[in-house]
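Reading the structure
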Amino acid sequence: MSVDAGAVQPLDRDATVYIAGHRGLVGSAVWRAFERAGFGNLIGRSSAELDLRDRGAVFEFVGATRPDVVVLAAARVGGIQANNTYPVDFLSDNLQIQVNVLDAAVSVRVPRLLFLGSSCIYPKHAPQPIKEEYLLTGHLEPTNDAYAIAKIAGILQVQAVRRQYGLPWISAMPTNLYGVGDNFSAQSSHVLPALIRRYNEAARDGIAEVTNWGSGRPLREFLHVDDMARACLHLLDHYDGAEHVNVGTGSDVSIAEVAGLVADAVGFTGRTHWDTTKPDGTPRKLLDVSKLRALGWEPQVELAAGIADTVAWYREHEETARGLV
Ligand SMILES: NC(=O)c1ccc[n+]([C@@H]2O[C@H](COP(=O)([O-])OP(=O)(O)OC[C@H]3O[C@@H](n4cnc5c(N)ncnc54)[C@H](OP(=O)(O)O)[C@@H]3O)[C@@H](O)[C@H]2O)c1
């Protein structure tokens, strides 16, 4: 597959890069990856320092700092339960965050910007693996449709900016991410950190049986967040196209298999019960990543090793990890 990448120059390592959401799972990994790549002028603000829902404050910040590059990794993010319980917050907060940041970036004509969406933008019953072009071809998964609509609006806004202002902004759609710095909250975490927390507690407390939501049969793809961060930099260095780009490994595993890997990593030897009265969500979600691969990018972190690393980090940071304090 060949990709029309546009005539893009790799980013200048002296560029001022604003990483919105730099304390989050993705943003902190992007920060590390950019530092490793030699960027010396990185800017970040916590939500307490700069609430991105505050339009006036966002314009003031972007006007004062005038970044050369923006990575928009700030968002209200959560798993199936949080999305299902707080759809208003997921829609409203995400629309406000992204409209404010993108509008402010237009106001100073930020030359390069990467908007991060999510694979939940695709129709629930999209053919697998999911190609970028399947966007808006069917109904969304209802449990996270509010979040997905906000993210779709972000992709469209980036495309609109390209059309109206000619700025080479791009969007990336990552698959399920995991890794150091994840959110391990019992209420709002994604599936993999939730499994790590649950199995680790069971192993530590000698509990004989762990109960997980659903059947364990849905198939999911998991990408280590350091791979995701490398992909963000790769896209900014090499891609300039209107269409968003999927970011994933290109292979999937069942939730039951992932639970098995987590159980092995924490040393849990008991039974697993699957509570089939709880929803499974989308039956399968695997991204077609041929576009990203054609741009010369490959993932580096294998799933079992990535889970083992994340478990080791979680155990070291149990007192301070997000969702646990
Ligand atoms: N995690 C995944 O599996 C996954 C998968 C696909 C796509 N993504 C996408 O990747 C992006 C980042 O996700 P993530 O997993 O890194 O989420 P995360 O760990 O929850 O981090 C989100 C960050 O956004 C910031 N934020 C939230 N609300 C804010 C506000 N009102 N003002 C300023 N900052 C705010 C938070 O800042 P503070 O920490 O300072 O509060 C936080 O650091 C999102 O667009 C998400 O859709 C994630």
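You'll find the structure just up there.
Report follows, based on the coordinates. Source: prediction; values computed, not measured. Within each chain, residues carry numbers counting from 1 in the order of the written sequence. Residue-level local features of this predicted model are given only where pLDDT is at least 70; pairs of side-chain atoms are given and counted only at 80 or more, and the full residue set underlies all totals for whole chains, interfaces and linings.

With that out of the way, let us pick up the site of the ligand. Here, nearness means that the C-beta atom of a residue, built from backbone geometry, sits within 6 Å of the molecule or strand in question. For the ligand, the set of nearby residues contains 25 residues, the closest of which are Gly21, Gly24, Val26, Ser46 and Ser47. For the shell around the ligand, the secondary-structure elements that each account for two or more residues are helix H1 (25-36), helix H4 (87-107) and strand E6 (176-178). Looking at the shell around the ligand, the element that brings in the most residues is H1, giving 3 residues. Any residue that is not Ala, Val, Leu, Ile, Met, Phe, Trp, Tyr, Cys, Pro, Asp, Glu, Lys or Arg is counted as polar, Gly included; the first ten are nonpolar and the last four charged. A breakdown of the residues in the shell around the ligand according to their chemical character gives 11 nonpolar, 9 polar and 5 charged. For helices the rule is a DSSP run of H or I covering at least 4 residues; for strands it is a run of E covering at least 2, with both sets numbered from the N terminus onward.

Right, let's get into the packing of helix H8 (residues 255-266) against helix H10 (residues 303-316). Relative orientation of the contacting elements H8 and H10 amounts to 50°, with a least axis distance of 9 Å. One way to sum up the angle between H8 and H10 is to call them oblique. Between H8 and H10 lies a crossing whose hand is right-handed. Across the interface between the two elements, Leu261, Val262, Ala265 and Val266 from H8 touch Leu303, Ala304, Ile307, Ala308 and Val311 from H10. Lines fitted to C-alpha atoms define the axes here, with helix axes fitted over just the stretch in contact, and angles between the N-to-C directions of these axes take values from 0 to 180 degrees. Reported orientations rely on four angle classes, namely roughly parallel under 35 degrees, roughly antiparallel over 145, roughly perpendicular from 65 to 115, and oblique for the rest. Crossing handedness: left-handed means the near helix sits turned counterclockwise from the far one by under a right angle, and right-handed means the same turn made clockwise. Working definition of a contact: two residues with C-beta atoms, positioned from the backbone, lying within 7 Å.

Let's shift gears to helix H5 (residues 145-165). To estimate how far a helix should reach, multiply one less than its number of residues by 1.5 Å. An ideal rise of 1.5 Å per residue puts 30 Å on 21 residues; H5 measures up with 29 Å between its terminal C-alpha atoms. Neighbour counting defines burial: a residue surrounded by 20 or more other C-beta atoms within 10 Å of its own C-beta is buried, one with 12 or fewer is exposed, and intermediate counts give partly exposed, using backbone-placed C-beta atoms. Listing the buried residues of H5 in full gives Ala146, Tyr147, Ala148, Ala150, Lys151, Ile152, Gly154, Ile155, Gln157, Val158 and Val161. At its buried positions, H5 is contacted by helix H3 (80-85), H4, strand E4 (112-116) and strand E5 (170-174). Positive phi shows up at Gly166, right after H5, with a value of about 70°.

Here we come to the environment of Lys124. Tracing the backbone through its elements, the reader meets Lys124 in the loop between E4 and H5. Ignoring anything within four residues of it in the chain, the contact list for Lys124 reads His139, Leu140, Glu141 and Thr282.

The next thing to look at is the pairing of E4. Every other side chain in a regular strand lies on the same face of the sheet, so the side chains alternate between the two faces. Judged by how many residues are buried, E4 sits mostly within the fold: 5 of 5 residues are covered. Residue alternation in E4 divides its side chains into two sets, Arg112, Leu114 and Leu116 and Leu113 and Phe115, and both sets are buried. Any two strands are treated as partners once DSSP identifies two or more bridges connecting them. Note: strand E3 (residues 69-72) against E4, 4 bridges, orientation parallel. Following the sheet pairing, Val70 is matched in E4 by Leu113. Examined bridge by bridge, E4 and E5 share 3 bridges and lie parallel to one another. Within the sheet, the bridge partner assigned to Phe115 lies in E5 and is Ser171. Crossover connection from E4 via H5 to parallel E5: handedness right-handed. Note on handedness: a clockwise path from strand one over the helix to strand two, with the strands aimed away from the viewer, defines a right-handed crossover.

To continue, consider unusual backbone geometry. For the bond running from Gln128 to Pro129, omega is -15°, close enough to zero to count as cis. Its identity as a non-glycine residue notwithstanding, Arg109 has a phi of 55°, on the positive side. Along the chain, Arg109 turns up in the loop between H4 and E4. Residue classification places Arg109 among the exposed positions, given that 11 C-beta atoms sit within 10 Å. The phi torsion at Leu136 lies on the positive side, around 65°, for a residue other than glycine. Mapped onto the fold, Leu136 is located in the loop between E4 and H5.

A few words now on the sheet that holds strand E8 (residues 219-220). Strand order in the open sheet formed by 3 strands is E11-E8-E13, and the pairing between neighbours is mixed. Because the sheet does not close on itself, it has two edges, and the strands there are strand E11 (253-254) and strand E13 (284-285).

Don't take any of this as a statement about function, it's just geometry.
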